[in-house]
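Structural description and commentary
Now for the letters of each chain:
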Amino acid sequence: MRKILCLLLACMLVLLSGCAANNSDETQSKKTGAVTITIWHDKEDSVIAVLEEAVKALEPDIHVVFEKKTGMTESLKLVGNDVNAAPDMYLFAHDKIGVYAEMGILTPITELLGNDALSGYVPLTVEGATYKGQIYQVPLYFETLLFMYNRKYMADEDAPATTEELYQYMQRKTKYGHYGFVEQHSTPYYAAGWIHGFGGSLITADGVPCLDSNEVKAALAYHKKFVEYMPGETEYATVNTLFTEGMAHATIAGPWFVPTVRAAGIDVGIAPMPVVDETGLSLAPYSGIQGLHVLKAHVAEKKDAIVKVLGVLMQPEVSVKLAKVSGCAPALESCYTMEEVTSDSLIMAMKQTAETAIPMPNIPEMDVMWTVTGNLLTNVNMSGQDIDTACADAQKKALELIEAMK
């Protein structure tokens, strides 16, 4: 019995010491009269360093603490509106906004900054920040997939303007271990661009799956002829290795891939997404928008401080620095008048792609679509299943899973 009591006492001491450590910043702030604003994030150190430098201007009245979290999605679900556990804000992608809005833990940005809060932002980012007519995010930067090519094999003027030009290039160049073009063709995030290029979508804005639509079927049937000229294994590592080793001439990848490519000594070119000959629409990939979200838990007592923090981090200079260290593009339109942005080919390519890119759906129902769509793509592209049958089965499965969420 004594051993058990000793163990319980030891556990309590550990918990108390942990709480003391977590509250040290807030305790110190109370002593100095400062307001502490806690921001959860899952970002790399270079991004947070930019933000920490910016908020120094608010000291000593406002002290901002950036706390890194693993498993951000579940962590936020757990704390909800608990004033003793929830942060004031979090920095994260936009695609979970619907989940948290339905939980009732988010504060609309317009309640803090006014109805014109995002009037100067890239339209794509405003769309991604909006859920059921309410804006829940202050966008900081965004990324889109890009069409990349190896200039050793493909000159700038030869970059395909249409998908048929790309297909003809693949027919000519896919031989002797080389591939004209590779991509993660059976991964929904990548395949979505082809579906959008046929005017289709994975799911409607109000959460109804579209996997058995004529547009999705047409996109899958058309895309399959491209898949036949790609390797059977098209996971992330395989595709990247083929391109960095010079065995693939072109690919579609995110901006995060560019440093790796350049480090491999490849002279990489970036071109606009090809236009689908059959529809006249460009391949339109999903886009991810990273930004700040305000939780309800502490708004009543800290509104003024939260508004000031947002104001500092919404400055164009901060957006540009974030874009540079993240390899992404600024969310503010005004940044695209600055020479350090306009001279950056990677950023400008993402800005151009943003004209047709589509924000990843931020509705809760999208959570089930990734797995269902992935299985559909595998069945069509890898297993050779009949498209009509595969789409019907996938649609039924998606509807069942979404119904189970209610």
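Residues numbered from 1 in each chain as written. Predicted model: local features only at pLDDT ≥ 70, side-chain atom pairs only at ≥ 80, totals over all residues. Heavy atoms only, no water.

All right, on to the overall build of the protein then. Of regular secondary structure, the protein possesses 18 helices and twelve strands. On the principal axes, the C-alpha backbone points of the protein span a range of 70 × 55 × 50 Å. Relative to its full complement of 406 residues, the protein shows a buried share of 53%. For the protein, the exposed area adds up to about 18400 Å²; of that, 53% sits on carbon and sulfur atoms. Here the protein contributes 30 positive and 50 negative side-chain charges, whose respective centroids are spaced 6 Å apart. (Helix = DSSP H or I, 4+ residues; strand = E, 2+ residues; numbered from the N terminus. Buried < 20%, exposed > 50% of the residue type's maximum accessible area, 1.4 Å probe, protein only. Areas by Shrake-Rupley, 256 points an atom, 1.4 Å probe, with all protein chains shown as cover. Lys, Arg positive; Asp, Glu negative; His and termini not counted. Charge placed at Lys NZ, Arg CZ, Asp CG, Glu CD.)

Moving on, we come to the nonpolar core. Formed by 68 residues in total, the largest nonpolar core has its most connected members in Ile37, Ile39, Val64, Val309 and Leu310. Here this core takes seven residues from helix α13 (residues 299–313), the largest share from any one element. When sequence neighbours within four positions are dropped, the list of residues in contact with valine 64 reads Ile37, Ile39, Val55, Leu58, Glu59 and Val309. Within the second largest apolar cluster, 65 residues are counted, among which are Val99, Tyr190, Ala250 and Leu376. (Core = buried A, V, L, I, M, F, W, Y, C linked by side-chain atoms within 4.5 Å. Contact = heavy atoms within 4.5 Å.)

Turning our eyes to something else, we now look at helix α16 (residues 345–353). Every buried residue of α16 is accounted for by Leu346, Ile347, Ala349, Met350, Lys351 and Thr353. If you check the start of α16, you find a side-chain oxygen 3.0 Å away from the backbone N of leucine 346, and it comes from aspartate 344. (Polar contact = N/O pair within 3.5 Å; in protein donor to acceptor, adjacent residues only side chain to side chain.)

Turning our attention to the pairing of strand β7 (residues 146–150). The element β7 is largely enclosed, with a buried count of five among its five residues. Because side chains alternate across β7, one face comprises the buried residues Leu146, Met148 and Asn150, and the other comprises Phe147 and Tyr149, equally buried. Pairing of β7 with strand β8 (residues 250–253), which is carried by four bridges, proceeds in the antiparallel orientation. From the neighbouring strand, tyrosine 149 faces β8, where its bridge partner is alanine 250. (Pairing = 2+ DSSP bridges.)

Moving on to helix α9 (residues 188–196). Owing to its 3.6 residues per turn, the α-helix aligns residues three or four sequence positions apart on the same side. The buried count for α9 comes to nine of nine residues, which makes it a mostly enclosed element. Pro188, Tyr189, Tyr190, Ala191, Ala192, Gly193, Trp194, Ile195 and His196 are the residues of α9 that are buried.

Across all of its chains, the model carries 15 salt bridges by this definition. A salt bridge links lysine 56 to glutamate 53; the nearest nitrogen and oxygen atoms lie 3.2 Å apart. Overall, the relative accessible area of 47% leaves glutamate 53 in the partly exposed class. Note that glutamate 74 is salt-bridged to lysine 77, the shortest N-O span being 3.5 Å. With glutamate 74 and lysine 77 both in helix α4 (residues 72–79) and three residues apart, the pair spans about one turn of that helix. A relative accessible area of 47% means that glutamate 74 is categorised as partly exposed. (Salt bridge = Lys/Arg side-chain N within 4 Å of Asp/Glu carboxyl O.)

Topologically, serine 334 is positioned in the loop between β11 (329–330) and α15 (339–342). Among the residues examined, serine 334 registers a relative accessible area of 35% and is labelled partly exposed. The spacing of serine 334 and glutamine 315 is 19 residues in sequence and 9.9 Å in space, taken between C-alpha atoms. Not counting residues within four places of it along the chain, the set of residues in contact with serine 334 comprises Gly120 and Pro316.

Let's shift gears to the sheet that holds strand β9 (residues 268–271). In spatial order, the strands read β8-β7-β9; together these three strands make up an open sheet with antiparallel pairing. In this open sheet, the two edge strands, each paired with only one partner strand, are β8 and β9. Sheet twist, expressed as the average angle between the axes of neighbouring strands with direction ignored, equals 35°. Sitting on the sheet, α16 is in contact with β7 and β9, with an inclination near 135° to β7. (Axes fitted to C-alpha atoms, helices over the stretch in contact; angles between N-to-C directions.)

Secondary-structure assignment places serine 75 in helix α4. Taking the relative accessible area as the measure of exposure, serine 75 reaches 15% and is therefore buried. Among all residues touching serine 75, those that are not within four sequence positions of it are Trp40, Lys69 and Thr70.

Attention now goes to the state of the cysteines. Evaluation of the coordinates by the stated rule reveals zero disulfides. Note on cysteine 335: no disulfide assigned, nearest cysteine sulfur contributed by cysteine 328 at a separation of 13 Å. Look at cysteine 335 and you get buried, because its relative accessible area is 0%. Here cysteine 391 is not cross-linked by a disulfide; its sulfur's nearest cysteine counterpart is in cysteine 210, at 11 Å. Judged by its relative accessible area of 0%, cysteine 391 falls in the buried class. (Disulfide = S-S within 2.5 Å.)

Interhelical geometry of helix α10 (residues 214–227) versus helix α17 (residues 366–382) gives an angle of 60° and a closest axis separation of 10 Å. Our classification of the angle between α10 and α17 gives oblique. The hand of the α10/α17 crossing is right-handed. Residues Leu220, Lys224 and Val227 of α10 form the contact with α17, whose own contacting residues are Leu376, Leu377, Val380 and Asn381. Looking at the contact of α10 with α17, its residues break down into five nonpolar, one polar and one charged. (Parallel < 35°, antiparallel > 145°, perpendicular 65-115°, else oblique. Left-handed = near helix turned anticlockwise from the far one by under 90°. Nonpolar A, V, L, I, M, F, W, Y, C, P; charged D, E, K, R; others polar.)

Moving on: unusual backbone geometry. Cis geometry marks the peptide bond from glutamate 59 to proline 60, where omega comes out at 0°. By the secondary structure assignment, proline 60 is in the loop between α3 (45–55) and β2 (62–68). Residue lysine 132 is not a glycine yet carries a positive backbone phi of 50°. With respect to the secondary-structure elements, lysine 132 resides in the loop between β4 (130–131) and β5 (134–135).

That's the geometry; what it means functionally is another story.
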